[in-house]
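Analysis of the macromolecular model
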There are 2 protein chains.
Amino acid sequence: MSDTERLPQPATADIDLVTVLHALGDPVRMTLLLSYADGAEHSCDPHGLGLDHLHKSTVSHHMRVLREAGVTTTRVAGRNRFVSLRRTDLDARFPGLLDALLPAAAS
Amino acid sequence: MSDTERLPQPATADIDLVTVLHALGDPVRMTLLLSYADGAEHSCDPHGLGLDHLHKSTVSHHMRVLREAGVTTTRVAGRNRFVSLRRTDLDARFPGLLDALLPAAAS
DNA sequence: TCGAATGTTTGACGAGCGTCCAACTGTTGC
DNA sequence: GCAACAGTTGGACGCTCGTCAAACATTCGA
């Protein structure tokens, strides 16, 4: 479902550019962003992203930073949380930003 | 002159995206970036940018961060330093990034 | 030559960040 | 029920960051 419960996140109009850049100015969170770039929903398990060395609470912290900055949205479904990129909201708020950022980060 | 002495800065190929985003993820440095967006050279005096409350050593520190991240270049001319945006280098390294960032930051 | 001007550097301080660990909440399945 | 699962929260630790103040270096002008 698309309209189950969601964790708190800023409204689209309240997404702040400096806050977003600060959130993305960290190698771990940039890695997460790249994995979310496919538009799909992802669990909080960072297995296979090269983040296996991090404690799960550390990954949880980084995901919270991304969500509170407005970069991602988190849908709660049972004991799982599904994280995905707020592509539409970000494109509306900062046109062209993700289109420039994602290829630059992937290389 | 355009080829007087310059302060140390990373080569274009060595500019790192996460480092750039980290540099820009600060309100003071974002203000500086916006003032450099006109492409002109600027002295280190932040007068008129709404940064008058900051100590000059603090501004100097922020300018160093921007330069070491590869965002700006600093030309030394006598007792003045002229700072300007590395627009061409950044466009080559991260196509479209400044074009998305500057309008988003200005609003 | 001497003083003013323009920035940088160093050290200090408090605040925030990234990380881990342990304990906790809520959910699913047996 | 109860144990395993998925993830969050709180505290603790060291490190980095933003800021200021004072001292310094260099250059220009009188």
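Relevant structure appears above.
Now for a look at the structure at hand. Note that the structure is predicted; figures quoted are calculated from it, not measured. (Residues numbered from 1 in each chain as written. Chains lettered and ligands numbered in written order. Predicted model: local features only at pLDDT ≥ 70, side-chain atom pairs only at ≥ 80, totals over all residues. Heavy atoms only, no water.)

1. Concerning the side chain of Arg67 of chain B
Residue and element names in this part refer to chain B. What counts is decided by this rule: Put simply, DSSP H or I for four residues or longer makes a helix, DSSP E for two residues or longer makes a strand, and each gets a number counted from the N terminus. Type-normalised accessible area, obtained with a 1.4 Å probe on protein chains alone, sets the label of each residue: buried when under 20%, exposed when over 50%, and partly exposed for intermediate values. Residues scored as positive are Lys and Arg, those scored as negative are Asp and Glu, and His as well as the terminal groups of each chain are ignored. We count a salt bridge whenever a side-chain nitrogen from Lys or Arg sits within 4 Å of a carboxyl oxygen from Asp or Glu. What qualifies as a polar contact is a pair of N or O atoms within 3.5 Å, subject to a donor-acceptor requirement within protein and to the restriction that residues adjacent in sequence count only when both atoms come from side chains. Residues count as neighbours in contact if any of their non-hydrogen atoms are within 4.5 Å of one another.
With respect to the helices, strands and loops of the structure, Arg67 is situated in helix H3 (residues 56–69). For the buried Arg67, no salt bridge is present, and the opposite-charge side chain at shortest range is Glu68, 4.8 Å distant. Side-chain polar atoms of Arg67 contact the backbone oxygen of Pro8, separated by 2.7 Å. Beyond its immediate sequence surroundings of up to four residues, Arg67 is in contact with Leu7, Pro8, Gln9, Pro10, Thr72 and Thr74.

2. Quick word on helix H5 (residues 97–106) of chain B
The buried fraction of H5 of chain B amounts to seven of the 10 residues, a majority that puts the element mostly inside the structure. All of the buried residues along H5 of chain B are Leu97, Leu98, Ala100, Leu101, Leu102, Ala104 and Ala105 of chain B. In this structure, the buried residues of H5 of chain B make contact with helix H1 (17–24) and helix H5 (97–106) of chain A together with helix H1 (17–24), helix H2 (27–36), strand S2 (80–85) and helix H4 (87–93) of chain B.

3. Concerning the protein's contact with DNA strand D
Keep this limit in mind: Residues are classed as near a molecule or strand on a simple rule: at least one heavy atom within 4 Å of it. Under the scheme applied here, ten amino acids are nonpolar (Ala, Val, Leu, Ile, Met, Phe, Trp, Tyr, Cys and Pro), four are charged (Asp, Glu, Lys and Arg), and all others, including Gly, are polar.
Surrounding DNA strand D, one finds 22 residues, the nearest of these being Ser60 and Arg64 of chain A together with Arg29, His55 and His62 of chain B. Each atom of DNA strand D within 4 Å of the protein was assigned to sugar, phosphate or base; sugar and phosphate come to 71%. Contact between DNA strand D and Asp26 of chain B: a phosphate oxygen at 3.3 Å from a side-chain N or O atom of the residue. Within the backbone of His55 of chain B, an N or O atom sits 2.7 Å from a phosphate oxygen of DNA strand D. Classifying every residue of the surface near DNA strand D by side-chain character gives two nonpolar, 12 polar and eight charged.

4. Brief notes about helix H2 (residues 27–36) of chain A
Most of H2 of chain A is tucked away, with seven of its 10 residues classed as buried. By the burial criterion, the buried members of H2 of chain A are Val28, Arg29, Met30, Leu32, Leu33, Ser35 and Tyr36 of chain A. Next to the buried residues of H2 of chain A lie H1, helix H3 (56–69), strand S1 (72–77), strand S2 (80–85) and H5 of chain A together with H1 of chain B. Structurally, the start of H2 of chain A carries an N-cap: the backbone nitrogen of Val28 of chain A is 2.9 Å from a side-chain oxygen of Asp26 of chain A.

5. With respect to the pairing of S2 of chain A
All names here are of chain A. As a reminder, the rule being used: One requirement defines pairing of two strands: DSSP has to find at least two bridges between them.
Both S1 and S2 contribute to a ladder of six bridges, which runs antiparallel. For Ala77, the partnering residue across the bridge sits in S2 and is Asn80. Taken together, S1 and the strand that follows it, S2, pair antiparallel across an intervening segment of two residues, in which Gly78 is found at a positive phi of about 65 degrees.

6. Considerations on the relation of the copies chain A and chain B
Formally: When the copies are superposed, the least-squares fit draws on C-alpha atoms of residues that have pLDDT of at least 70 in both.
For the pair chain A and chain B, the relating rotation is 180 degrees, the translation along its axis is 0.0 Å, and the fit reaches an RMSD of 0.0 Å. Taken together, the rotation and translation describe the operation of a two-fold axis. By residue overlap, the copies meet face to face through one surface: 100% of the interface positions of chain A are interface positions in chain B.

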